[in-house]
Amino acid sequence: SKVRHSRGSRIRYFIGGTLLCSITLFALYVSTIYNKAIATSTTDIIVNSVVVLFVMELDEWIFAALEACSEKWTAHSAESDHSTSHIAEMKEKIRTQQAQFESQRKE
């Protein structure tokens, strides 16, 4: 059986992913417009590109800030009790199947 995230965590993941993609696309759009309007030489384009890389790094800083505010927002779902018990069940099924396979091989 497939284990799904809770509705709240799925909504949180969707909103977080949407915000992250929006920030990235907005930075790409703004940097393109900025470079077209300002750059007069290749040196200007390189300097502007470095600025854009700095701005693109902001999403990781935002993630770090969110993680500092609430670890629940960024904790991996595999660390939850429900997922851990499901993994333990799957490991037990694998052990049982391996034992059955070994007993069939000996016969």
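The structure reproduced in this document is the subject of the present report. (Residues numbered from 1 in each chain as written. Predicted model: local features only at pLDDT ≥ 70, side-chain atom pairs only at ≥ 80, totals over all residues. Heavy atoms only, no water.)

This next bit is on the environment of F63. Mapping F63 onto the fold places it in helix α3 (residues 58-69). Measuring from C-alpha to C-alpha, the distance between F63 and G16 comes to 9.4 Å, with 47 residues separating the pair along the chain. (Helix = DSSP H or I, 4+ residues; strand = E, 2+ residues; numbered from the N terminus.)

The subject of this paragraph is a positive patch on the surface. Where like charges cluster on the molecular surface, the positive patch consists of K2, R4, R7 and R10. The residue R10 is located in helix α1 (residues 7-38) in this model. Overall, R10 belongs to the partly exposed group, its relative accessible area being 36%. (Patch = residues over 30% accessible without salt bridge, like charges linked within 9 Å, V, L, I, M, F, W, Y side chains within 5 Å. Areas by Shrake-Rupley, 256 points an atom, 1.4 Å probe, with all protein chains shown as cover. Salt bridge = Lys/Arg side-chain N within 4 Å of Asp/Glu carboxyl O. Lys, Arg positive; Asp, Glu negative; His and termini not counted. Charge placed at Lys NZ, Arg CZ, Asp CG, Glu CD. Buried < 20%, exposed > 50% of the residue type's maximum accessible area, 1.4 Å probe, protein only.)

Our focus in this paragraph is a nonpolar patch on the surface. Residues I23, V47, V51, F54, V55, L58, W61, I62 and L66 make up a contiguous nonpolar surface patch of about 750 Å² in total accessible area. At the level of elements, α2 (42-56) and α3 are the ones that each hand at least two residues to the nonpolar patch. By secondary structure assignment, the location of V47 is in helix α2.

Within this structure, the stated rule accounts for one salt bridge. Here E92 and R95 are joined by a salt bridge, their closest N and O atoms 3.2 Å apart. Taken as a pair, E92 and R95 lie in helix α5 (residues 81-106) at a separation of three residues, close to a single helical turn.

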